[in-house]
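Spelled out, the chains give:
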Amino acid sequence: MLRKALFNIIRQEQREIEDKLEREEQQQSPDVRRIVGLRQEATSLRRELEHFHDV
C-alpha cells in the first residue's frame, strides 16, 4: 500500500517535471541550464521508478 502511494507520488512529480521541461523547450528563448536541470531531474525520477517492479 505504501509502495504504491510512493510510486504514485514519484510518478506525478515526474509528469510535472516533464511538463515544465516541455514548456521550457517551447519558449522563444529557452534557458538551456534550466532544460539540462529538468532533464536530469526527470531522469533521476525515472530511475527511482525502476525500483517499483511490482507496482
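Worth saying up front: this structure is predicted, and the values here are computed from it rather than measured.

1. Observations concerning helix α1 (residues 2-25)
Consideration 1: For α1, spanning 24 residues, the distance from its first C-alpha to its last is 35 Å, which sits close to the expected 34 Å at 1.5 Å a residue.
Consideration 2: Within α1, the full set of buried residues consists of Ile 10, Gln 14, Ile 17, Leu 21 and Glu 24.
Consideration 3: Its buried side turned inward, α1 meets α2 (32-49).

2. Quick word on the packing of aromatic side chains
Consideration 1: Enumeration according to the criterion identifies one aromatic pair in this entry.
Consideration 2: Relative to Phe 52, the ring of Phe 7 has its centre 5.8 Å away and its plane inclined at 65°; by these criteria the two rings are edge-to-face. One end of the pair, Phe 7, is in helix α1; the other, Phe 52, is in the segment after α2, with 45 residues separating them in the sequence.

3. Description of the side chain of Gln 14
Consideration 1: Within the secondary structure, Gln 14 is located in helix α1.
Consideration 2: The exposure class of Gln 14 is buried, given its relative accessible area of 4%.
Consideration 3: Of the polar contacts made by the side chain of Gln 14, one reaches the side chain of Arg 11; its length is 2.5 Å.

Cut-offs and rules
Residues numbered from 1 in each chain as written. Predicted model: local features only at pLDDT ≥ 70, side-chain atom pairs only at ≥ 80, totals over all residues. Heavy atoms only, no water. Helix = DSSP H or I, 4+ residues; strand = E, 2+ residues; numbered from the N terminus. Expected span 1.5 Å × (residues − 1). Buried < 20%, exposed > 50% of the residue type's maximum accessible area, 1.4 Å probe, protein only. Contact = heavy atoms within 4.5 Å. Phe/Tyr/Trp six-rings, centres within 6.5 Å; stacked < 30°, edge-to-face > 60°. Polar contact = N/O pair within 3.5 Å; in protein donor to acceptor, adjacent residues only side chain to side chain.

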